[in-house]
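# Chain and residue survey
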Amino acid sequence: MNAVLEFRNVHASYAGAVVLQDVSFRIEEGQTVGLVGRNGAGKTTALMSVYRVPTVTGEILVDGTPLGRKRHEPASRGISLVPQGKRIFGNLTVEENIRLGRASRRKGQWTVDAVFDLFPNLARGAKRPGTALSGGEQQMLAIARALMAEPKLLMLDEPTEGLAPVVIDELVRALGEIRDRGTALLLVEQHVGMIRQLADSFLALRKGELVGGGPVADLESRAVQELIAL
Ligand SMILES: Nc1ncnc2c1ncn2[C@@H]1O[C@H](COP(=O)(O)OP(=O)(O)OP(=O)(O)O)[C@@H](O)[C@H]1O
């Protein structure tokens, strides 16, 4: 079966400085994968490679077919990203922000009502401006907007950064529901507790190379902990 997303021998660089070296992995339909590694290991760069933000060589495939270079191609082929730092539009209301996500013509399950069911806080504040939200609510809004593109794979870059434990619990619940509805997840996280709770498997990056991976239970092993300095 074709993977939802596959990297084959991907190298990525910024202005000639190599950041990712020979990275290969597959994410299968409905799978949840945690991507771990120390600061600067190349986790964000791996996600950005899908959008050709760094210079990329090697192959990136979606459903077995190479991904082209057009900016909107990942979204239209079912790959969505919730970037680090959320990037919501403060001058638009919560609901307007959500509707912006409906960029592709992909069919699926996510309506405005469905994302409001997933995030009741957002429903209660539908008419408020994006800036009026707490950090946790802004993260939920960014996820809600990404879902509107009906992704088969949702990639999240450090979604728990700066959030209180109670808000993280709420995010874990929502992401668990998204996963249970069949969406594959690629989670970049320093907070490995979240990966333990949600993921089937993990990939470990060190200095731009994929140096480990396996079932999520192996995240506990000493070798892996040393590798990624948990
Ligand atoms: N736009 C850029 N231009 C030049 N170098 C960059 C750029 N973005 C990242 N880098 C460099 O690439 C390397 C990997 O960074 P990246 O952000 O991918 O790591 P990361 O594992 O996501 O780390 P963090 O947890 O700190 O976000 C770092 O050395 C960083 O300085």
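Structure first, text after, so check above.
Remember, predicted model here, so these are calculated numbers, not experimental data. (Residues numbered from 1 in each chain as written. Predicted model: local features only at pLDDT ≥ 70, side-chain atom pairs only at ≥ 80, totals over all residues.)

### Remarks on the environment of Leu-186
As for its position among the elements, Leu-186 is in strand E8 (residues 184-188). Not counting residues up to four positions away in its chain, the partners in contact with Leu-186 are Ile-27, Val-33, Leu-35, Leu-153 and Met-155. (Helix = DSSP H or I, 4+ residues; strand = E, 2+ residues; numbered from the N terminus. Contact = placed C-beta atoms within 7 Å.)

### Observations concerning the site of the ligand
Near the ligand you find Tyr-14, Val-19, Gly-37, Asn-39, Gly-40, Ala-41, Gly-42, Lys-43, Thr-44 and Thr-45, and these make up its full shell. Of the residues forming the shell around the ligand, the biggest block, three residues, is contributed by helix H1 (residues 43-49). Among the residues making up the shell around the ligand, the classes are represented as three nonpolar, six polar and one charged. (Near = placed C-beta within 6 Å. Nonpolar A, V, L, I, M, F, W, Y, C, P; charged D, E, K, R; others polar.)

### Section: the sheet that holds strand E10 (residues 209-215)
As summarised here, the arrangement of the six strands in space is E6-E7-E8-E3-E9-E10, forming an open sheet in which the pairing is mixed. Whereas interior strands pair on both sides, the edge strands pair on one side only; in this sheet they are strand E6 (79-82) and E10. This sheet shows a mean twist of 15 degrees between the axes of neighbouring strands, independent of strand direction. Of the pairings in the sheet, the one linking strand E3 (residues 32-36) to strand E9 (residues 201-206) comprises four bridges and is parallel in character. Bridging from a neighbouring strand, Leu-35 pairs with Leu-203 of E9. Strands in contact with helix H6 (residues 135-147) are E6 and strand E7 (153-157); relative to E6, the strand with the most contacts, it is inclined by about 170 degrees. (Pairing = 2+ DSSP bridges. Axes fitted to C-alpha atoms, helices over the stretch in contact; angles between N-to-C directions.)

Coordinates in, geometry out; function isn't part of it.
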